[in-house]
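# Overview (structure and organization)
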Amino acid sequence: MKRLNLLLIWMVFIPAVFAQNADKYFADKYYYLAIEAYKNEVDKTPKSYLNLAKSYFAVKNYAEAKIAMQKYLDNYATADKEYAKWFIDMMNRADYAVPMKPVAGLVNTSGKESVPRISADGKILYFKAVDRAGGLGGEDIWYSVKQDDGTWGKPYLFTDLCTNSHETLYSMNADGNLAILFGNYQGSFGSGDLFYSVKTGTGWSMPCNLGGVINTSSWEAQATISPDGKVLVYVTENKLPGHVGGYDLYMSRLTDKGWTKPVNLGSKINTKESEIRPSFASDGKTLYFSSDGHPAFGGYDIFMSRRLDDTYTSWTTPVNLGRYINTLQDDEDVSVNTEGTIGYTVKSDEYGAPGGYDIFQFVMPDAARPEQTITLFGRVVNEKDSAAAVNLNFTSLSTKKLFKVVPSDKDSGKYTVYLPFDKYLMEINMKGYLYLSDTIDLSNPDNFVPKRNIREVFGEPTNTKVTALNAKLNEYTARLNSLQLIDNFDTKAVFNQYDSLLNDYTTAITEYKTLIAQSKYKWLSDEKKFVDVEKNLK
């Protein structure tokens, strides 16, 4: 009788504990426990289907997350129908099922690494680290060079731009000769200002304040510079004209007279909550930012929007980067390579990383990729075959507008430019040089896609493994077929052979799936979707 009473108490007590602790499990991020707890209370409290869906989402069980959210929509009379439908749509969106990975190499430590910024050529990763060994103290700027094997090498302190206070590199233009910084450098107006530095022949110039049009006695930070270096988008705590919500994003143009009066990006981007951490893509039209005002999985999510005109107030509806990038926590900050295939972001206390804050990389979803560009490079020489320092004008023949002016290097004559697919008139029209022009047809992306079959995509090591796995599977299949045909009356022995072969077959299939998944990830994250085009001029 005593044992029966204890069992009855246990049967009553356990569901009560689950129900009582469901929200606490959820708040403490014990999502598997939260799932079990919410499952015990949703029949009586259908509102709990919402957090059940989010708990499934947190453990990446997207199928069950969608089912739970649909039940929230169907069973809870006052459900947030707009959010529920958005969530279900996001579960249905055909995003690449690729992992979020810590960057390989020597960047991440047990300390805090954040604010990743990838160079236009994809070879240098800049980042911020706090009190890292070898630094000057506080928040310092570091950089790492990509190695031949794709990992990131030993980081170096960006000594020209670091002090014994706090500094952050927020953005660089496409040419890599203009840096936008945040810090308490000499000439600061307030609690944190935006500065710029220019690359010189001997290093980087002393950081200079962007001036009183941008900076105030309040906080200005988290800026991004357009690839051509002419437009700044940034965050300010000031409620400037056009202010919409909490923190808003503003833009300012660089003119011959300095920076123009800041303009709010408008209500398509800015909400009644906060928008932070803007980042331009290589096309100068695509803007990434974080928001807790647009529909999100939790806290801040990362979004993408495209500029529709030159006013910087007309934008497409922001697109959430999706379930493989955004989480229930705050997801802030992203830097995307020139090709738009790889994003770099920051995660806190994430599996597989050594520190509290670490830098991760992921494959960009198709829906969030910038307008594709192609790399045009070459060398300009004079009649004596010496390097010529000239400005190259690129005019779009489809819009009849000047698209970009690119200088060639005075020492080498080399230039590099990233262009959207189009036809261009390329001109040199400078005093002291003969007029030179040429038409470059870059309008059809298909003409510049490397043609590779699956064997070339795999590469030799993977091809060898695939061939070996195919041979194993063929052997296992043949042996399985033979078991059905042989006259063996020892049934137990035959079933044992089936068990052994099927185990071997399953192991081989698992290895095969892993190999294909790794190859697919590498292919999806390939930073060179198009061949570079060389154009030399004399």
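Residues numbered from 1 in each chain as written. Predicted model: local features only at pLDDT ≥ 70, side-chain atom pairs only at ≥ 80, totals over all residues. Heavy atoms only, no water.

To continue, consider the overall build of the protein chain. If you tally the helices and strands in the protein chain, you get eight helices and 29 strands. Along the three orthogonal principal directions, the C-alpha set of the protein chain runs to about 100 × 60 × 50 Å. Of all intrachain contacts in the protein chain linking residues separated by at least 6 positions in sequence, the fraction that spans at least 24 positions is 51%. Summed over all atoms, the accessible surface of the protein chain reaches about 27,800 Å², with 53% contributed by carbon and sulfur. (Helix = DSSP H or I, 4+ residues; strand = E, 2+ residues; numbered from the N terminus. Contact = heavy atoms within 4.5 Å. Areas by Shrake-Rupley, 256 points an atom, 1.4 Å probe, with all protein chains shown as cover.)

This paragraph deals with the side chain of threonine 327. If you trace the backbone, threonine 327 turns up in the loop between β19 (319-320) and β20 (334-336). One polar contact links the side chain of threonine 327 to the main-chain amide nitrogen of glutamine 329, over a distance of 3.0 Å. (Polar contact = N/O pair within 3.5 Å; in protein donor to acceptor, adjacent residues only side chain to side chain.)

Strand-to-strand pairing in sheets goes through backbone hydrogen bonds, with the strands running parallel or antiparallel. Sheet architecture is open: four strands sit in the order β2-β3-β4-β5, paired in antiparallel fashion. Sheet topology places β2 (113-118) and β5 (156-157) at the edges, where each strand pairs with a single neighbour. Here β2 runs beside strand β3 (residues 124-130); their pairing, made up of four bridges, is antiparallel. Bridge pairing in β3 places arginine 117 opposite tyrosine 126. (Pairing = 2+ DSSP bridges.)

Their axes nearest at 9 Å, the elements helix α2 (residues 31-39) and helix α3 (residues 49-58) cross at an angle of 150°. In this view, α2 runs roughly antiparallel relative to α3, as classed from their interaxial angle. Handedness of the α2/α3 crossing: left-handed. When α2 is examined against α3, the residues Tyr31, Ala34, Ile35, Tyr38 and Lys39 are found in contact with a partner set consisting of Asn51, Leu52, Ser55, Tyr56 and Ala58. (Axes fitted to C-alpha atoms, helices over the stretch in contact; angles between N-to-C directions. Parallel < 35°, antiparallel > 145°, perpendicular 65-115°, else oblique. Left-handed = near helix turned anticlockwise from the far one by under 90°.)

Side-chain pairs of opposite charge can arise whenever the charged atoms involved come near each other. One pass over the full model with this rule turns up 16 salt bridges. Where lysine 535 meets aspartate 438, a salt bridge forms, and the shortest distance between an N and an O atom there is 2.4 Å. One end of the pair, lysine 535, is in the segment after β29 (533-534); the other, aspartate 438, is in strand β28 (residues 436-441), and 97 residues separate them in sequence. Given the relative accessible area of 23%, lysine 535 is considered partly exposed. With a relative accessible area of 29%, aspartate 438 lands in the partly exposed category. (Salt bridge = Lys/Arg side-chain N within 4 Å of Asp/Glu carboxyl O. Buried < 20%, exposed > 50% of the residue type's maximum accessible area, 1.4 Å probe, protein only.)

Quick look at the environment of proline 295 now. Tracing the backbone through its elements, the reader meets proline 295 in the loop between β17 (286-291) and β18 (301-306). Residue proline 295 is classed as partly exposed on the basis of its relative accessible area, which comes to 38%. For the pair proline 295 and tryptophan 86, spaced 209 residues apart in sequence, the C-alpha to C-alpha distance is 7.5 Å. Not counting residues up to four positions away in its chain, the partners in contact with proline 295 are Trp86, Phe303 and Asn320.

Taking burial as the measure, the seven residues of strand β21 (residues 342-348) include six buried ones, the bulk of the element. The pairing of β20 with β21 spans three bridges and is classified as antiparallel. Residue pairing in the sheet places serine 335 in a bridge with tyrosine 344 of β21. Joining the antiparallel neighbours β20 and β21 is a turn of five residues, in which glycine 340 adopts a positive phi near 80°.

Chain-level pLDDT for the protein chain is 91 on average; 95% of the residues reach the 70-or-more range. Note that pLDDT drops below 50 for residues 1-14; the model gives that stretch one contact with residues more than four away or on any other chain. (pLDDT = per-residue confidence, 0-100.)

Between two aromatic rings, the relevant description is the distance of the centres plus the angle of the planes. What the rule picks out here adds up to 24 aromatic pairs. Their ring planes at 85° and their centres at 5.5 Å tell us that tyrosine 62 and tyrosine 324 sit as a pair that is edge-to-face. Here the residue tyrosine 62 occupies a position in helix α4 (residues 62-75), and tyrosine 324 occupies one in the loop between β19 and β20, the gap between them amounting to 262 residues. In textbook terms, an aromatic cluster arises when at least three aromatic residues are bridged by ring pairs, as seen for Phe57, Tyr62, Tyr83, Trp86, Phe87, Phe297 and Tyr324. Sitting over the face of the ring of tyrosine 521, lysine 101 holds its NZ or CZ atom 4.0 Å from the ring centroid. Over the ring of tyrosine 62 we find arginine 323; its NZ or CZ atom is 5.4 Å from the centre of that ring. (Phe/Tyr/Trp six-rings, centres within 6.5 Å; stacked < 30°, edge-to-face > 60°. Lys NZ or Arg CZ within 6 Å of the ring centre and 35° of its normal.)

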